[in-house]
Amino acid sequence: MSTSVTRRTVLTGGAGAAIGLALPGVAAHAGGHHPTSVSFTLDARTLDGGEQVTSVTLDTSRLGPIDPAGLTPGTFTVHATATSPIPIAPGDQIFSEYDLDRTVTAARLDRRGNIVLELSHAEGQPGGGTLGYILSRGRNVQLDLVYTITQNTPIVRRHGSPVTIGRFVQAGLSNPEVDAFSHHVSGSGMKYRLYSPDHSSRHGRRPLIVWLHGGGEGASLPDDYYDNETTLRANRGALGFATPQAQRIFSGAYVVAPQSTSYWMEDGPRFAPLIREIVRDLVRRERVDPDRIYVVGCSNGGYMSLEMTSTYPDLFAASVPICGVVEPLSGEGPPLITDAELAKIRTPTWLVTSRDDDTVPPETNTIHAHELIRGSLLSLYDHVVWNGYQFPGHWSWIYVARNDPSLDGTHIWQWMARRSR
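### Some words on the sheet that holds strand 5 (residues 94–95)
The strand order 5-9-10 describes an open sheet built from three strands, whose pairing is antiparallel. The two strands at the open ends of the sheet, each matched to only one other strand, are strand 5 and strand 10 (139–142). Alignment of strand 5 against strand 9 (residues 131–134), held across two bridges, turns out to be antiparallel. Counterpart to Phe95 in the pairing with strand 9 is Tyr133.

### Thoughts on the sheet that holds strand 11 (residues 144–151)
Taken in spatial order, the three strands line up as 6-4-11 in an open sheet, and their pairing is antiparallel. Where the open sheet ends on each side, the last strands, each with one partner, are strand 6 (98–102) and strand 11. Direction aside, neighbouring strands of the sheet carry axes that sit 15° apart on average. As judged from the five bridges shared by strand 4 (residues 76–83) and strand 6, these two strands associate in the antiparallel manner. Within strand 6, the position partnered with Val78 by the bridge is Arg102.

### Regarding the pattern of salt bridges
Per the stated rule, a full pass over the model turns up 15 salt bridges. Between Asp291 and Arg421 there is a salt bridge, and its shortest N-O distance comes to 3.0 Å. With Asp291 in strand 17 (residues 288–298) and Arg421 in the segment after helix 11 (412–418), this pair connects stretches of sequence that are 130 residues apart. By relative accessible area, which is 29% here, Asp291 ends up partly exposed. Between Arg355 and Asp382 there is a salt bridge, and its shortest N-O distance comes to 3.1 Å. Of this pair, Arg355 sits in the loop between strand 19 (350–354) and helix 9 (363–372) while Asp382 is found in the loop between strand 20 (377–381) and strand 21 (384–386), placing the two residues 27 residues apart along the sequence. By sharing partners, the salt bridges in this structure join Glu51, Arg193, Glu229 and Arg233 into a single network.

### Points about the packing of aromatic side chains
Tallying each qualifying case throughout the model produces 12 aromatic pairs. Measuring from ring centre to ring centre gives 4.8 Å for Tyr389 and Phe391, while their planes differ by 70°; the resulting arrangement is edge-to-face. Overall, Tyr389 belongs to the partly exposed group, its relative accessible area being 34%. Taking the relative accessible area as the measure of exposure, Phe391 reaches 4% and is therefore buried. For the pair Trp395 and Trp397, a centre-to-centre distance of 6.0 Å together with 25° between the ring planes defines the contact as stacked.

### Considering the state of the cysteines
Counting across every chain of the model gives zero disulfides. Just so you know, Cys298 is unpaired, no disulfide at all, and the nearest cysteine sulfur is the one on Cys323, 5.8 Å from it.

### Quick notes on helix 9
For helix 9, every residue scored as buried is listed here: Asn365, Thr366, Ile367, His368 and Ala369. Taken together, the buried residues of helix 9 touch helix 8 (339–344), strand 19 and strand 20.

Conventions used here
- Residues numbered from 1 in each chain as written.
- Predicted model: local features only at pLDDT ≥ 70, side-chain atom pairs only at ≥ 80, totals over all residues.
- Heavy atoms only, no water.
- Pairing = 2+ DSSP bridges.
- Helix = DSSP H or I, 4+ residues; strand = E, 2+ residues; numbered from the N terminus.
- Axes fitted to C-alpha atoms, helices over the stretch in contact; angles between N-to-C directions.
- Salt bridge = Lys/Arg side-chain N within 4 Å of Asp/Glu carboxyl O.
- Buried < 20%, exposed > 50% of the residue type's maximum accessible area, 1.4 Å probe, protein only.
- Phe/Tyr/Trp six-rings, centres within 6.5 Å; stacked < 30°, edge-to-face > 60°.
- Disulfide = S-S within 2.5 Å.
- Contact = heavy atoms within 4.5 Å.

Right, dumping it as structure tokens:
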């Protein structure tokens, strides 16, 4: 009988729970020893379309040298369930829950002697994601993940008898790119994640890139849900600026990703000073160059980028609003940012969107803002396609996360890095 372990329990408690599975017809131990217990880690990557569990690493190094020739995709079976961490109201929907077998595409040894089970995954492929989208809340939440490992054939060792694992213990989720960002809470209570650059070189103060997430990555405080995680797991917006390529272009940069307690659009004027508080605190306590602070945001965050440069005209060296909202999406009510406010923005601005965006119409939002912001640049795509996969037209942040927009031979990261207040 398996004991369920939720991903939330694993991340907060650290220990996990034992999932015992003896191999049918074979003793669960060899040579009279106690049954072997092995922990395993879920290895995740944030793809352009969101985070997926791409492999499972079994902590088998202590079993002694394993013969890799004896490992096949059929040596183990992996079953996965993913459920909401908060109750779903009757009639509501959550997308991306699942209960299925994950296809093992390869079994190999890593350099430590641990067995790694590679899992089938791809953009748009269901059954491997770590986030679920609750329709009524318009929110992504971290799914509770329970992975069950079954061993089908004994593990052949170079020395000693074959081994059959008596039980498997789920340990946690590992995503090196996400884990490189530290957790913080500002004095006013706004959560944020921070990437700090390598300080081994002799560079002085470093740039700061402020990433403002979309609507789906905010908190849902009616459900007491404020995770400080989905901002890095839903897309590569913040992660892109922490890649070695971006860090070379910016000569090492801090990347901060604040998390809204709701939607940025819900109360932008109230959130603006809370974001500025985080920026000022980082300038005070880290090696941040106050003349090289950049703000980048998508959708809700694209609106908030414009709100920040409108409210604080002297704070940022450059701004990149991506598919940002200017007019209310309902078509009713006053604009979120008035024409007069847009016309007064003097921060160097590069706007990005796609013509087929059916969530935030480009004509009345991004294109309209471009026409009013003096000297602003615009990248207008026909579709959002990356590595041959076509994403929804609203997801134009994928291009910025990959440094794709360019004008006159200059790509957007290089353009940002050259700007100084």
